[in-house]
Amino acid sequence: MYNMSKIKIKKIALQYSYLILEKEEVQETGEKVENEITSYMKDNYPERFKKLQEHKTRNTDGVKNPNHNPEEIEEETDSENEEPKIENKELKKIYRKIATKTHPDKTDDEEYCKIFSQAAEAYADEDMAQMIHLSGLCGIELTSLSDDAFILVEKNIKSLTIEILKMKDTIGWKWSQCRTNEEKDELIKSVFESRGI
């Protein structure tokens, strides 16, 4: 069995850290523009906005981009062969290292307590990529990981990437990427049209 090298582990940790930051940025950006979008609709299309409110469906995450379909990516992921079950000993070993350093009974550091909670969640979800990321935040150096761990890491990274793509397919993110008022207006019109308004 090939063991993942220290350099490869560091690369994965950096890649996952980047994805986490990207997810936070997309989420924060979408939340910041919600009121702006609502105001724009109310001010420029009051009748259509009223109808939109009346016909609101449970799917409020935005207009799908015809050039990009994250659901297709997700279907591809689901149809792949199931990965072998990771040796829980490996995941558990990393979790214990993190817990030893970050458990609230052992430290008053608020950031470490947060990491402890995140590690417990990652352990429960078998999120090896997150566990590697959290190890780095705690200054815990991992020297090698098994092939099975690497397969799980790849799955975790792919899953996070799909989540980000879905978030980038929302009205909030698309609005934030508009450079002109005309682009914003076209986006809002497409929202109404997609709902038959």
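Quick note: structure is the one above.
What this report covers is the structure whose coordinates are included nearby.

## Description of helix α1 (residues 6-44)
Working step 1: With 39 residues, α1 extends 56 Å from end C-alpha to end C-alpha; this agrees with the ideal 57 Å at 1.5 Å per step.
Working step 2: Roughly 35° is the biggest bend found in α1, and it falls at Glu-34.

## Some points on the side chain of Thr-107
Working step 1: One can find Thr-107 in the loop between α4 (88-102) and α5 (110-125).
Working step 2: Only 3.0 Å separates the side chain of Thr-107 from the backbone nitrogen of Asp-109, close enough to count as a polar contact.

## Some points on a negative patch on the surface
Working step 1: Taken together, the side chains of Asp-108, Asp-109, Glu-110 and Glu-111 make up a negatively charged region of the molecular surface.
Working step 2: With respect to the element layout, Glu-111 can be found in helix α5.

## Digging into unusual backbone geometry
Working step 1: Positive phi outside glycine occurs at Glu-126, with the angle close to 55°.
Working step 2: Note on placement: Glu-126 falls in the loop between α5 and α6 (128-137).

## A few points about the packing of aromatic side chains
Working step 1: Evaluated as defined, the whole model comprises three aromatic pairs.
Working step 2: Their ring planes at 65° and their centres at 5.6 Å tell us that Tyr-45 and Phe-192 sit as a pair that is edge-to-face. In this pair, Tyr-45 is assigned in the loop between α1 and α2 (46-54) and Phe-192 in helix α9 (residues 181-194), connecting sequence segments 147 residues apart. Of the two residues, Tyr-45 and Phe-192, neither departs from the other in class, the shared state being buried.
Working step 3: Here the aromatic rings of Tyr-95 and Tyr-123 are separated by 5.0 Å at their centres, their planes lie at 20°, and the arrangement is stacked. Of this pair, Tyr-95 sits in helix α4 while Tyr-123 is found in helix α5, placing the two residues 28 residues apart along the sequence.
Working step 4: On the basis of relative accessible area, Tyr-95 is assigned to the buried category, the value being 18%.

## Concerning the side chain of Asp-185
Working step 1: Following the sequence through the fold, Asp-185 ends up in helix α9.
Working step 2: By relative accessible area, Asp-185 is classed as buried at 15%.
Working step 3: In this structure, Asp-185 is in contact with Tyr-40 and Tyr-45, ignoring residues within four places of it in sequence.

## A short note on the environment of Tyr-123
Working step 1: The partly exposed category is assigned to Tyr-123, whose relative accessible area is 26%.
Working step 2: With 29 residues separating them along the chain, Tyr-123 and Ile-94 place their C-alpha atoms 9.1 Å apart.
Working step 3: When neighbours within four sequence positions are excluded, Tyr-123 is seen to be in contact with Leu-91, Lys-92, Tyr-95 and Met-131.

## Overview of the pattern of salt bridges
When the charged atoms of two side chains with opposite charge come close together, those side chains can pair.
Working step 1: For the structure shown, the criterion picks out seven salt bridges.
Working step 2: Here the salt bridges do not stand alone but share partners, grouping Asp-185, Glu-186 and Lys-189 into one network.

Procedures and definitions
Residues numbered from 1 in each chain as written. Predicted model: local features only at pLDDT ≥ 70, side-chain atom pairs only at ≥ 80, totals over all residues. Heavy atoms only, no water. Helix = DSSP H or I, 4+ residues; strand = E, 2+ residues; numbered from the N terminus. Expected span 1.5 Å × (residues − 1). Bend = angle between axes of the 7 residues up to and from the residue. Polar contact = N/O pair within 3.5 Å; in protein donor to acceptor, adjacent residues only side chain to side chain. Patch = residues over 30% accessible without salt bridge, like charges linked within 9 Å, V, L, I, M, F, W, Y side chains within 5 Å. Areas by Shrake-Rupley, 256 points an atom, 1.4 Å probe, with all protein chains shown as cover. Salt bridge = Lys/Arg side-chain N within 4 Å of Asp/Glu carboxyl O. Lys, Arg positive; Asp, Glu negative; His and termini not counted. Charge placed at Lys NZ, Arg CZ, Asp CG, Glu CD. Phe/Tyr/Trp six-rings, centres within 6.5 Å; stacked < 30°, edge-to-face > 60°. Buried < 20%, exposed > 50% of the residue type's maximum accessible area, 1.4 Å probe, protein only. Contact = heavy atoms within 4.5 Å.

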